[in-house]
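For reference, the chains in residue letters:
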Amino acid sequence: MKKSIVPEILYEIDNSKFLVADLTGNRGGVYYEAGYAKGIGKEVILTAKEGEKPHFDVAQVNTIFWKDEMELKDRLIRRIKSTIK
């Protein structure tokens, strides 16, 4: 019997302090997970590789746009320190 991944993902989100959602590639699952996390009151940090155009529903949300993984890491550390209590 195949185990469904969605309950596992939702369990992990339920038990997390915050969620980092990378919108690169406009994957629908990421939007679903970010929306779920936001809906249950979790802090959500959105990221996307430079040049990406996030869906219009979240275009106005403060998003970290990054060039490479080192920049992403540095900017995430700063954002987490400044916004997550």
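These figures come from a predicted structure and were not determined experimentally.

Asker: Even after reading the chapter, I still don't get the sheet that holds strand β1 (residues 18–22), so can you show me in this structure?
Answerer: Remark on secondary structure: sheet strands pair via backbone hydrogen bonds, oriented parallel or antiparallel. As summarised here, the arrangement of the three strands in space is β1-β2-β3, forming an open sheet in which the pairing is parallel. Taken across any chain shown, the strands that pair with only one partner, and hence form the sheet edges, are β1 and β3 (63–66). Between one strand axis and the next, the sheet turns by 25° as a mean value, whatever way the strands run. As paired elements, strand β2 (residues 43–49) and β3 share four bridges and run parallel to each other. What sits directly across from T47, in β3, is I64.

Asker: How should I be thinking about a nonpolar patch on the surface in this particular structure?
Answerer: Side chains of I5, V6 and Y32 sit close together on the surface and give an oily, nonpolar patch of about 300 Å² of accessible area. By the secondary structure assignment, V6 is in helix α1 (residues 5–14). Look at V6 and you get partly exposed, because its relative accessible area is 39%.

Criteria and thresholds
- Here the residue index of a chain counts from 1 through its sequence in written order.
- Per-residue local features of the predicted model are confined to residues with pLDDT of at least 70, and side-chain atom pairs are confined, for both listing and counting, to 80 or more; whole-chain, interface and lining totals are unaffected and use all residues.
- Neither water nor hydrogens contribute to the side-chain values; these are computed over all heavy atoms in the structure.
- Paired strands, as defined in this entry, are two strands with at least two bridges between them according to DSSP.
- Helix and strand definitions follow DSSP, with helices as H or I runs of at least four residues and strands as E runs of at least two, each counted in order from the N terminus.
- All axes are obtained by fitting lines to C-alpha atoms, using only the stretch in contact for helices, and the reported angles, taken between N-to-C directions, cover 0 to 180 degrees.
- For patches, a residue must show more than 30% relative accessible area and have no salt bridge; joins then use 9 Å for like charges and 5 Å for nonpolar side chains, namely Val, Leu, Ile, Met, Phe, Trp and Tyr.
- Methods summary: accessible areas were calculated by the Shrake-Rupley approach with a probe of 1.4 Å, and residue burial reflects only the protein chains presented.
- For salt bridges, the criterion is a side-chain nitrogen of Lys or Arg within 4 Å of an Asp or Glu carboxyl oxygen.
- With a 1.4 Å probe rolled over the protein chains alone, any residue whose accessible area is under 20% of its type maximum counts as buried; one over 50% counts as exposed, and the rest are partly exposed.

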